[in-house]
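What the coordinates show
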There are 6 protein chains.
Amino acid sequence: MPRSDGRSPHALRKISIETPFFRHAEGSAAIRMGNTWVACAASLETRLPFWMRGQRSGWVTAEYGLLPRSVPERAARNRVSGRNFEIQRLVGRSLRAITDLDLLGERQIIIDCDVFEADGGTRTASVTAAYVALHQVCRHLLEKGEIRKFPIKDQLAAISVGLINGEPVLDLDHAEDSAADVDFNVVMTGSGHFVEVQGTAEGRPYTRQELNKMLSLAASGIRKVLKAQARVLPWILSPEVKDGGE
Amino acid sequence: MPRSDGRSPHALRKISIETPFFRHAEGSAAIRMGNTWVACAASLETRLPFWMRGQRSGWVTAEYGLLPRSVPERAARNRVSGRNFEIQRLVGRSLRAITDLDLLGERQIIIDCDVFEADGGTRTASVTAAYVALHQVCRHLLEKGEIRKFPIKDQLAAISVGLINGEPVLDLDHAEDSAADVDFNVVMTGSGHFVEVQGTAEGRPYTRQELNKMLSLAASGIRKVLKAQARVLPWILSPEVKDGGE
Amino acid sequence: MPRSDGRSPHALRKISIETPFFRHAEGSAAIRMGNTWVACAASLETRLPFWMRGQRSGWVTAEYGLLPRSVPERAARNRVSGRNFEIQRLVGRSLRAITDLDLLGERQIIIDCDVFEADGGTRTASVTAAYVALHQVCRHLLEKGEIRKFPIKDQLAAISVGLINGEPVLDLDHAEDSAADVDFNVVMTGSGHFVEVQGTAEGRPYTRQELNKMLSLAASGIRKVLKAQARVLPWILSPEVKDGGE
Amino acid sequence: MPRSDGRSPHALRKISIETPFFRHAEGSAAIRMGNTWVACAASLETRLPFWMRGQRSGWVTAEYGLLPRSVPERAARNRVSGRNFEIQRLVGRSLRAITDLDLLGERQIIIDCDVFEADGGTRTASVTAAYVALHQVCRHLLEKGEIRKFPIKDQLAAISVGLINGEPVLDLDHAEDSAADVDFNVVMTGSGHFVEVQGTAEGRPYTRQELNKMLSLAASGIRKVLKAQARVLPWILSPEVKDGGE
Amino acid sequence: MPRSDGRSPHALRKISIETPFFRHAEGSAAIRMGNTWVACAASLETRLPFWMRGQRSGWVTAEYGLLPRSVPERAARNRVSGRNFEIQRLVGRSLRAITDLDLLGERQIIIDCDVFEADGGTRTASVTAAYVALHQVCRHLLEKGEIRKFPIKDQLAAISVGLINGEPVLDLDHAEDSAADVDFNVVMTGSGHFVEVQGTAEGRPYTRQELNKMLSLAASGIRKVLKAQARVLPWILSPEVKDGGE
Amino acid sequence: MPRSDGRSPHALRKISIETPFFRHAEGSAAIRMGNTWVACAASLETRLPFWMRGQRSGWVTAEYGLLPRSVPERAARNRVSGRNFEIQRLVGRSLRAITDLDLLGERQIIIDCDVFEADGGTRTASVTAAYVALHQVCRHLLEKGEIRKFPIKDQLAAISVGLINGEPVLDLDHAEDSAADVDFNVVMTGSGHFVEVQGTAEGRPYTRQELNKMLSLAASGIRKVLKAQARVLPWILSPEVKDGGE
């Protein structure tokens, strides 16, 4: 099956990450993957959610929204949407999995992921850019001496993969996503471990063998996304060495 | 690691399904898995959501809620919660994956999943009981001649599995869920295919090998859940034969 | 007028009370009166509503909700409904009338009344079961030595009564309720006093004589409900003696 | 017990009714009972609530609100309050009990009761003034020939009564209401029948004998309120005769 | 162009101010300008909004609402409306411009402006009456010795002016407002300075010359409104002298 | 008084307009004025608001929002804010003043103004960019032959001006806005007429002479903004001629 933009089934869309992106934010990044465009702003707050207070530990969370015309038909502003809740929970959970919350101290970092242009894969793009924004906040905390050790334990990136006409396809755009029988979102670390695997049969249930193929394809795609992140970060997991994400 | 109730790591909790459960509902079932207790009511409506109208096709969706004292600390009534949204989307999506919506005609079936007692695994218990309630509505439609063919294409059940101290453990209760490093929810069909795989690293990222072990354990657990469903259904996928779920 | 279930106009429906009902709640009871089925969970909280703080006195309140398919046509989840507010205010007020709030100390007890099946009389059934749940919380407080004296001053139960074709009828089911000209809800104590009398002309205004007949019938019905409560309580108003409710 | 304004226990406060009150409303009246001051506006709408449509019958309903400084401590604007719901349901129900909804035709009349000054008895004052506003709308409908027969079947008024130190007291102001052991709200017709009886034990449960005394006192008070209404209405139940309310 | 009530283009409608108006409020006034009727209640609170706390300074704010039948077609109760927000922000801002918030100390004054009857100019009538209510609260604070100096620095009043058929017209009623090409709302002080100028082209953009004519007409109208205020205030800006507003 | 960026009091900040900006929108533009950055998306809808239907006329409206980190301290997502309402009403009103709604036919154009970076003047920047987005939608309608005549009657732009230390200053940034005694927002047409004049005394009331100076300065600034718009539009008010905005 030829893809609309001529990519091979195993190729990513063109990826670019701009950081910093928002002047006022403590950390920020905007990512473009093909026509998908998401901006993430990290806010450092000294107020924890009330159920976290007094535990000498920090918190990382995320919010996700769509600009009204990020989509073909105008989306109502401020709609309470189950899909948004699901995505922001995924982003927050993924970031916490690679963060040492104790090292953060009693601080909260909120990552706002706002979609400027949606063309498939906004949730995985959000995870990838949110990591860059989080990295920037944590660097500043370290540089200012507010924390003594870098709290990010591993690099983090995400990609989508699907099954179209029985074939695994990487990094689906919106049209491909609508045509796919199965839709997987995979979040992995720089050291090659899984943080989230979410695979949904949209059109038909899938076999164990198909699942395996999709995970392998996702893993190869995530390695490329990790490299794209590495290009915009001064260092990955330790300020002494400019280390890569693999 | 011994489990609190003495089960082996590969054993389900005691499972029982009561159907019908609600007198007024067109379909209903209540499930108990250990101390987890969820009741599902299926409502047959002739009104489709507005974006589905005029397509000669039906819709299946779900809502999920907690009674205030289904949990150790009273939960505020009617709270808008991202977790609830996430679960009801999972249940609805899973049911649609095994339903032929065209055969349903312009009808909507809403499955309300209400948790009476929460002790881990309420989302997978909801999927399992919702299938039984959906089955009942569809049987009635068929018996009354309102549809000509049974619209359910495959049996459906779900289970959770986790990684505790590096070992895969089946059907986690709340205490185990809190202690687990990884939390998987798996939804599968009677024919052994996957409908949903959701694996989250709560404590630490997991390897591909660990993922494989957890999926195998989940599949074996789901076979037992399918049998428990089969015991309360007059037939599974065709009224002529009392077929099993395997 | 013969009643649908063959009862005499002065007979209660079959009544049964199950207590405790919810594992996590500090007190709980479920009541069935015919097909009406309501579960009450009592939550003990150390946080008072802000306007009660610092007064060395406690508070008892109630919330009331319908499961979506407790009724023939699915009720939207979480709807703000004047009827619900009215009922939960009635339940809370009635419980406070027989509770010594000073003896409770700075504690709040919230009784959640959730209707599983509605067939008339859910508000009076809620009062009756809520009393049993409240009794259980207070017993625990006494047994654990957290309060020095039992704060419940009198037993409490409720019943509905109506006027159908000019005749007083006890404990109306939903069909009778819809046919009644007048609808009375009466809450009384074990010692035979009134706590709430609410009589509404649905079909036609009623005379003083009719009011008197209805109150007498309600009083006789409540005596039977008090006995049903007494059967599931270890003692009514004092731990030394297993006293009755009359 | 002497009353703060020197009234006898069986006396009403000074009552005055001004009608019409709102220029834009199809019917309106403002009532003062002592310092309690409530304005009612009746709106005639050709749109019925959706569940009433196509039944060739009408609907009467009410809404109730407090101006922020109708009370000693500023009340938040637009607060969703169980008390408000309870009161507006009482007013609507009472008006419907004396209205022939079929004669109204497919019309809705909404009575907005807004409290300018609260000093006890706002709900009974609302019923009394709402009746006057409803009467005005119905007169206009009759005069314009839109309905062929006056749809109001009986006059309607309301009063509160309470038990203070064991003695029945009529028409309680706010201070008396707070001191009362029992609080009764009674709605009656011009022909002396009951429409609503609501008696609540605030301080202690009450006996049947006390209930009887309170109802008698309420009935005598309502006769005076009916007269006050009659003074501002051109006729009560038939345009030919200027009949009284007794 | 003759006006519906025969006024000249430069004449105000009949204006009357009643103060105090609400018994419970710390300050209050009701204003009638023709058929427009607005009541303002000033509430003195010791709680500041959280972002003002600890600054040894006070705050003045306003809220604005319409009674459901202040308008020809019933307005839904409690509707969130951009117009209401806009008006209450204008009223609050205008009052703060002539108040020395430091002299107020850590107090908040909330002015509730409720429209009983709307016939054009409710926002300017609200400013004018709100000033009178604010004046009353501040007088009481001064008389009780709670503040040492009168915190109101200048008198404040407002008027609307418009352009109808190219001619400036003062104090528009609702029909004129709908017909006007341009709608100006002007708030000025007793010493003749501007606090707010808001001019909107409803029908066609306007020239600088037209703007100048409208401002001159507004200034002459405001002088008359200031006099009407002065008649109901014991003194304007200093208790020693009964000074005027010009 | 020297300005933070060295501008003269009569100079604009650096202005740039990018159009189109959103791929999915029927019209769009993003504007930067110094560090203020606002993106506008115009949506063409065939559904009118219900109160406009059947009038053979169109509607233009606007919505305004802040991204959470467009501001120094994170703003809660989806907050209902009076300021937002005020701004979106201003933008919508201004656009309607230069649009022939009858020529639009039964269509609605919604302009979403989203602030990416706020540094003063976001409301005037919104008006300026919204005009460009509206222009683009209307061009497309004309080019596709859906309307027969260009419905925009005049060019439209806006600027802020203020009084700092008694001196008029053009195009205030956030720091200047906070320091200003008076804040004016002015919207004007290409032909030099006023559409909106809003002048607020933040620090002290202002004289007529000061008002005049500020309006003159605003008019000179708007001429420059109109030129910046003209540079990105293929033609201003007629497709035949590439006309300017003056």
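Residues numbered from 1 in each chain as written. Chains lettered and ligands numbered in written order. Predicted model: local features only at pLDDT ≥ 70, side-chain atom pairs only at ≥ 80, totals over all residues. Heavy atoms only, no water.

1. Here's the deal with the interface of chain A and chain B
As a reminder, the rule being used: Any two residues whose heavy atoms approach within 4.5 Å at even a single point are treated as in contact. Note on terms: buried area is the combined drop in 1.4 Å-probe accessible area of two parts once they are placed together, counting the loss on both. The term salt bridge refers to a side-chain nitrogen of Lys or Arg lying within 4 Å of a carboxyl oxygen of Asp or Glu. Each helix corresponds to a stretch of at least 4 residues labelled H or I by DSSP, and each strand to a stretch of at least 2 residues labelled E; elements are numbered beginning at the N terminus. In the scheme used here, Gly and all other residues not listed as nonpolar or charged are polar, with Ala, Val, Leu, Ile, Met, Phe, Trp, Tyr, Cys and Pro taken as nonpolar and Asp, Glu, Lys and Arg as charged.
Every contact between the two is made by 26 residues of chain A and, on the other side, 26 residues of chain B. Both sides of the chain A and chain B interface together cover about 2700 Å² of buried area, and 53% of this is carbon and sulfur. Across the contact surface, chain A and chain B share 4 salt bridges. Salt-bridge contacts for arginine 89 of chain B lead to glutamate 86 of chain A; the nearest nitrogen and oxygen are separated by 2.6 Å. When contributions to the side of chain A that touches chain B are tallied by element, the ones reaching two or more residues are α1 (82-97), β9 (194-201) and α5 (208-232) of chain A. The element best represented in the side of chain A that touches chain B is β9 of chain A, accounting for 8 residues. By residue class, the composition of the side of chain A that touches chain B is 11 nonpolar, 9 polar and 6 charged.

2. Notes on the interface of chain C and chain B
The cut-off we apply is this: Two N or O atoms form a polar contact when they lie within 3.5 Å of each other; inside protein one atom must be a possible hydrogen donor and the other a possible acceptor, and for residues adjacent in sequence the pair counts only when both atoms belong to side chains.
With 31 residues of chain C in contact, the opposing surface of chain B contributes 31 residues. Taken over both partners, the interface formed by chain C and chain B buries close to 2600 Å², and the fraction arising from carbon and sulfur atoms is 48%. Here chain C and chain B share 14 salt bridges between them. We note a salt bridge from arginine 69 of chain C to glutamate 26 of chain B, for which the minimum N-O separation is 2.6 Å. Applying the counting criterion to the chain C and chain B interface returns 22 residue pairs in polar contact (both at pLDDT 80 or more). For the side of chain C that touches chain B, a count of residues per class yields 15 nonpolar, 6 polar and 10 charged.

3. Some thoughts on the sheet that holds β9 of chain A
This is how the line gets drawn: If DSSP finds at least two bridges between two strands, the strands pair. Throughout, an axis means a line fitted to C-alpha atoms (over the contacting stretch in the case of helices), and angles, computed between N-to-C directions, take values from 0 to 180 degrees.
Reading across from one edge, β7(A)-β6(A)-β8(A)-β9(A)-β9(B)-β8(B)-β6(B)-β7(B) is the order of the 8 strands in this open sheet, with antiparallel pairing throughout. Two strands lie at the open edges of the sheet, namely β7 (167-170) of chain A together with β7 (167-170) of chain B, each paired on one side alone. Neighbour to neighbour, the strand axes of the sheet diverge by 20° on average, direction disregarded. Two elements, strand β8 (residues 182-189) of chain A and β9 of chain A, share 7 bridges in a ladder whose sense is antiparallel.

4. A look at the relation of the copies chain C and chain B
So the rule is basically this: Least squares is the method used to superpose the copies, on C-alpha atoms of residues holding a pLDDT of at least 70 in both.
For the pair chain C and chain B, the best superposition has an RMSD of 0.0 Å and corresponds to a rotation of 180° with a translation of 0.0 Å parallel to the axis. One copy is carried onto the other by what is essentially a two-fold rotation axis. For chain C, the smallest separation between a C-alpha atom and the rotation axis is recorded for asparagine 78 of chain C, amounting to 2.6 Å. Looking at chain C, 100% of its interface residues are interface residues in chain B too, so the copies touch through the same face.

5. Section: the UniProt feature "domain: Exoribonuclease phosphorolytic" (unreviewed entry) in chain A
All names here are of chain A. Condition: UniProt positions are given in the numbering used here, feature names are shortened, and annotations may be inferred rather than shown by experiment.
Within this numbering scheme, the UniProt entry marks residues 12-135 and 156-220 as carrying the feature "domain: Exoribonuclease phosphorolytic" (unreviewed entry). Span residues 12-135 is 27% helix and 31% strand, its end C-alpha atoms 23 Å apart. Between the end C-alpha atoms of residues 156-220 there is a gap of 14 Å, over a span that is 29% helix and 45% strand.

6. Let's talk about the environment of arginine 223 of chain E
Quick reminder of the rule: Using a 1.4 Å probe on the protein chains alone, a residue whose accessible area is under 20% of its type maximum counts as buried, one over 50% counts as exposed, and one in between counts as partly exposed.
Along the polypeptide, arginine 223 of chain E turns up in helix α5 (residues 208-232). Classification of arginine 223 of chain E as partly exposed rests on a relative accessible area of 43%.

7. Let's talk about helix α1 (residues 82-97) of chain E
Residues and elements named next belong to chain E. Short version of the rule: One less than the number of residues in a helix, times 1.5 Å, gives the span that helix is expected to have.
Between the first and last C-alpha of α1 there are 23 Å, a value that for 16 residues agrees with the 22 Å anticipated at 1.5 Å per step. Among the 16 residues in α1, 13 count as buried, and that is most of the element. One side-chain oxygen of the residue at the start of α1 lies 3.2 Å from the amide nitrogen of arginine 83, identifying that residue as serine 81.

8. Structural notes on the UniProt feature "binding site: phosphate" (unreviewed entry) in chain A
Residue and element names in this part refer to chain A. The sites that carry the UniProt feature "binding site: phosphate" (unreviewed entry) are, in the present numbering, Arg83, Gly121, Thr122 and Arg123. Across 41 residues, the annotated set stays spatially compact, with a maximum C-alpha separation of 13.2 Å. Tracing the backbone shows glycine 121 in the loop between β5 (108-117) and α3 (122-143). Glycine 121 sits in the buried class, given a relative accessible area of 19%. Within the secondary structure layout, arginine 123 lies in helix α3. Overall, the relative accessible area of 15% leaves arginine 123 in the buried class. With residues up to four places along the chain from it excluded, the contact list for arginine 123 reads Arg83, Glu86, Ile87, Leu90, Val91, Asn185 and Gln198. For arginine 123, the side chain forms a polar contact with the side chain of glutamate 86, separated by 3.4 Å.

9. Side note on the sheet that holds strand β1 (residues 15-18) of chain F
Residue and element names in this part refer to chain F. Here 5 strands make up an open sheet; going across it, the order is β1-β2-β3-β5-β4 and the pairing mixed. A single partner strand is all that each edge strand has here, and the edge strands are β1 and β4 (59-66). Direction aside, the axes of adjacent strands within the sheet are offset by 20° on average. Both β1 and strand β2 (residues 27-33) contribute to a ladder of 4 bridges, which runs antiparallel. Looking across to β2, one finds that glutamate 18 is bridged to alanine 30.

10. So, the arrangement of the chains
Chain A shows no contact with chain C. Their nearest C-alpha atoms sit 15 Å apart. With respect to C-alpha atoms, chain B approaches chain E no nearer than 21 Å, and the pair has no contact.

11. Describing the packing of helix α3 (residues 122-143) of chain B against helix α5 (residues 208-232) of chain B
All names here are of chain B. Rules: Note on angle classes: values under 35 degrees are labelled roughly parallel, values over 145 roughly antiparallel, values of 65 to 115 roughly perpendicular, and the remainder oblique. Note on convention: near helix rotated counterclockwise from far helix by under a right angle means a left-handed crossing. Clockwise means right-handed.
For the pair α3 and α5, the least separation of the axes is 11 Å and the interaxial angle reads 30°. Classed by the angle they form, the pair α3 and α5 counts as roughly parallel. The handedness of the crossing between α3 and α5 comes out as right-handed. The residues of α5 that touch α3, namely those facing Thr128, Tyr131 and Val132, are Val225, Gln229 and Val232. Looking at the contact of α3 with α5, its residues break down into 4 nonpolar, 2 polar and no charged.

12. Here's the deal with the confidence of the model for chain A
Residues and elements named next belong to chain A. Rule in force here: One number per residue, pLDDT, summarises how confident the predictor is, and it ranges from 0 to 100.
Across chain A, the average pLDDT comes to 94, with 97% of residues at or above 70. Scored below 50 in pLDDT, residues 242-246 shows 17 contacts in the model against residues more than four places distant or in partner chains. Interface confidence for the predicted complex, expressed as ipTM, amounts to 0.93; the pTM equals 0.93.

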